[in-house]
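A structural walkthrough
If you want the building blocks of each chain, they are given just below.
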Amino acid sequence: MNPADLSRTVLHAVRRAVDEDALRAPVPARVRVERTRPGGSGDYACAVALQLAGPAALPALEVARILRERVAAEPGIGRVEITGPGFLSFTLDAPADRRGALLDAVREQGLAYGHGVALRGEVIRLHHASEVRAAVTVDAVRHLLTAQGADVRISRVGSGDRAWGRFGVAVDARETTPDAPAATVRPVPAGATAAELVERLGADATRWGLLRPAGHDHAPLGDDLLVQGEGNALFRVRYAHARTRALTRGAAALGFASAPGAAPGEPAARPLLDLIADHPAVLLAAARHRAPDRLARQLEAVAHAFFVLHDTCPPLPVGDEKPSAAHRARLALAEAAGTVLAGGLSLLGIRAPEHL
């Protein structure tokens, strides 16, 4: 679907709404759609709801809801969102072969999916205080930058804390002449030393607690990081990964495997496909902005979308069902999600267990 097709589709939805008396307004001669601006949502955006709100004597958001119902089911439309005061944002449906190629790319690249060369040739110097959150944050940023091809040099104030080694943070190598500003990270509360944190929470939960909030925010380091339940974001991310691995084992026990070049076409699969497609851009943005919290939020979103797919469109046959092409395609998407989760956790310095 091209912009002209999308414009005609939206105009047809306006006519339908007027004909069905859901909208009382003159039908415009044409509807303008534009490429979404940077930072926006979807592929294209349209302001027709704001244009019709006055003549229809309805809030623009209500007009947008009326039109969304009539556009969302049209062929070629993957998703329709309402943003801002009443803009319609459209995500076009990718062809099946393109979705399959995406999952094949994840399969082929494995944990390196999303790594790139955008920063190749750049020498980036990072400097941080001799404090556990600053050390862990700079360590994660180093992983993110290196994954984009950068050459990273780290220096710090003081000699460092030997307990950092239990988080996987190097404490021996350092440059003697820092020429970079110190990382601006809100420190942990007084008394929360590296040794105390690793004894109480373990390395994985501590790293998540330090990295998940933005650097200027308080880092929650309570015992809830160890809770094995839905309220713990780290548990959900790691459980989603473990569940994808269990699906692969379950499929093997049933005598089938995921299908290369295939991707599910159900609506429930689209959010997860979009997140996987966006993953390389998220990794690059997290590296450029020195913001591992962006990656952590991405992993939470992938885990949530995976569970929606899992519960709505089970990747394994249920009851007397036989494995079908749909199951193989869903399994391919689930496995790709697991790969993204494992690769992202690795960049944060957190383990991704196969069993949980």
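The preceding data block contains the structure.
Attention here is on the structure that accompanies the text.

Conventions and cut-offs
- Residues numbered from 1 in each chain as written.
- Predicted model: local features only at pLDDT ≥ 70, side-chain atom pairs only at ≥ 80, totals over all residues.
- Heavy atoms only, no water.
- Helix = DSSP H or I, 4+ residues; strand = E, 2+ residues; numbered from the N terminus.
- Buried < 20%, exposed > 50% of the residue type's maximum accessible area, 1.4 Å probe, protein only.
- Contact = heavy atoms within 4.5 Å.
- Areas by Shrake-Rupley, 256 points an atom, 1.4 Å probe, with all protein chains shown as cover.
- Lys, Arg positive; Asp, Glu negative; His and termini not counted.
- Charge placed at Lys NZ, Arg CZ, Asp CG, Glu CD.
- Phe/Tyr/Trp six-rings, centres within 6.5 Å; stacked < 30°, edge-to-face > 60°.
- Core = buried A, V, L, I, M, F, W, Y, C linked by side-chain atoms within 4.5 Å.
- Axes fitted to C-alpha atoms, helices over the stretch in contact; angles between N-to-C directions.
- Parallel < 35°, antiparallel > 145°, perpendicular 65-115°, else oblique.
- Left-handed = near helix turned anticlockwise from the far one by under 90°.
- Nonpolar A, V, L, I, M, F, W, Y, C, P; charged D, E, K, R; others polar.
- Pairing = 2+ DSSP bridges.
- Salt bridge = Lys/Arg side-chain N within 4 Å of Asp/Glu carboxyl O.
- Expected span 1.5 Å × (residues − 1).

1. A closer look at the overall build of the protein chain
Counting secondary structure elements, the protein chain contains ten helices and six strands. Counting only residues that meet the buried cut, the protein chain has 48% of its 356 residues in that class. At a minimum sequence separation of 6, the contacts of the protein chain that also span at least 24 residues come to 71%. In the form shown here, the protein chain has an accessible surface area of approximately 16,700 Å², with 53% of it arising from carbon and sulfur atoms. The distance from the centre of the 42 positive side-chain charges to the centre of the 39 negative ones in the protein chain is 3 Å.

2. Focus on the environment of Leu 144
Note that Leu 144 resides in helix α5 (residues 132–147). In this view, Leu 144 contacts Leu 283, Ala 286, Ala 287, Pro 292, Leu 295 and Leu 347; residues no more than four positions away in its chain are not counted.

3. A few points about the packing of aromatic side chains
Tallying each qualifying case throughout the model produces three aromatic pairs. Where Phe 235 meets Tyr 239, the ring centres are 5.6 Å apart and the plane angle is 5°; that geometry is what we call stacked. Here Phe 235 pairs with Tyr 239, and both are found in helix α7 (residues 233–253), just four residues apart, close to one helical turn. Judged by its relative accessible area of 32%, Tyr 239 is partly exposed. Considering the side-chain rings of Tyr 239 and Phe 307, the 5.8 Å spacing of their centres and the 20° angle between planes classify their relative orientation as stacked. Pair noted here: Tyr 239 is in helix α7 and Phe 307 is in helix α9 (residues 292–312), with a separation of 68 residues, a long-range link. With relative accessibility at 13%, the residue Phe 307 sits in the buried group. An aromatic cluster of three or more residues is present, and its members are Phe 235, Tyr 239, Phe 306 and Phe 307.

4. A word on the nonpolar core
Val 132, Leu 145, Trp 208, Leu 272 and Ile 276 are the most contacted members of the largest nonpolar core, which has 74 residues in total. Only α4 (96–109), β5 (123–128), α5, α6 (194–211), α7, α8 (270–288), α9 and α10 (325–347) provide two or more residues apiece to this core. Element by element, the count of residues in this core is highest for α10, at ten residues. Beyond its immediate chain neighbours, meaning those up to four positions away, Trp 208 contacts Pro 213, Leu 225, Ala 233, Leu 234, Val 237, Ala 296, Glu 300, Leu 345, Leu 348 and Ile 350.

5. Some remarks on the packing of α7 against α9
At their nearest, the axes of α7 and α9 sit 9 Å apart, and the two run at 50° to each other. Classed by the angle they form, the pair α7 and α9 counts as oblique. As for how α7 packs across α9, the hand of that crossing is left-handed. Here Ala 233, Arg 236, Val 237, Tyr 239, Ala 240, Arg 243, Thr 244 and Leu 247 of α7 lie close against α9, whose contacting residues are Leu 299, Glu 300, Ala 303, His 304, Phe 306, Phe 307 and His 310. Its residues assigned to classes, the contact of α7 with α9 shows nine nonpolar, three polar and three charged.

6. Topic: the sheet that holds strand β4 (residues 87–92)
Read from one edge to the other, the open sheet built from four strands follows the order β1-β2-β4-β3, with strand pairing classed as antiparallel. At either end of the open sheet lies a strand with only one pairing partner, and these are β1 (33–35) and β3 (77–83). The average undirected angle you get between the axes of adjacent strands in this sheet is 30°. As judged from the six bridges shared by β3 and β4, these two strands associate in the antiparallel manner. The residue bridging Val 80 from the neighbouring strand is Phe 90, located in β4.

7. Some thoughts on the pairing of strand β6 (residues 151–156)
Where β5 meets β6, six bridges bridge the pair, whose relative direction is parallel. Paired with Val 123 across the strands is Asp 151, a residue of β6.

8. As for the pattern of salt bridges
A complete count under the given rule lists 21 salt bridges for this structure. Residues Glu 20 and Arg 16 are paired through a salt bridge, measuring 3.7 Å at the closest nitrogen-oxygen approach. For Arg 16, a relative accessible area of 29% translates into the label partly exposed. One continuous salt-bridge network, built from bridges that share partners, spans Arg 16, Glu 20, Glu 69 and Arg 70.

9. As for the environment of Ala 336
In this structure, Ala 336 sits in helix α10. For the pair formed by Ala 336 and Arg 166, sequence separation is 170 residues and the distance between their alpha carbons is 30 Å. The contact partners of Ala 336, leaving out residues within four places of it in the chain, are Leu 103, Val 106 and Ile 276.

10. Considering α10
In this model α10 runs 33 Å from its N-terminal to its C-terminal C-alpha over 23 residues, within 8% of the 33 Å that 1.5 Å per residue would give. By the criterion of burial, α10 is predominantly enclosed, with 19 of the 23 residues buried. In the stretch just after α10, Gly 349 is the one whose phi turns positive, near 80°.

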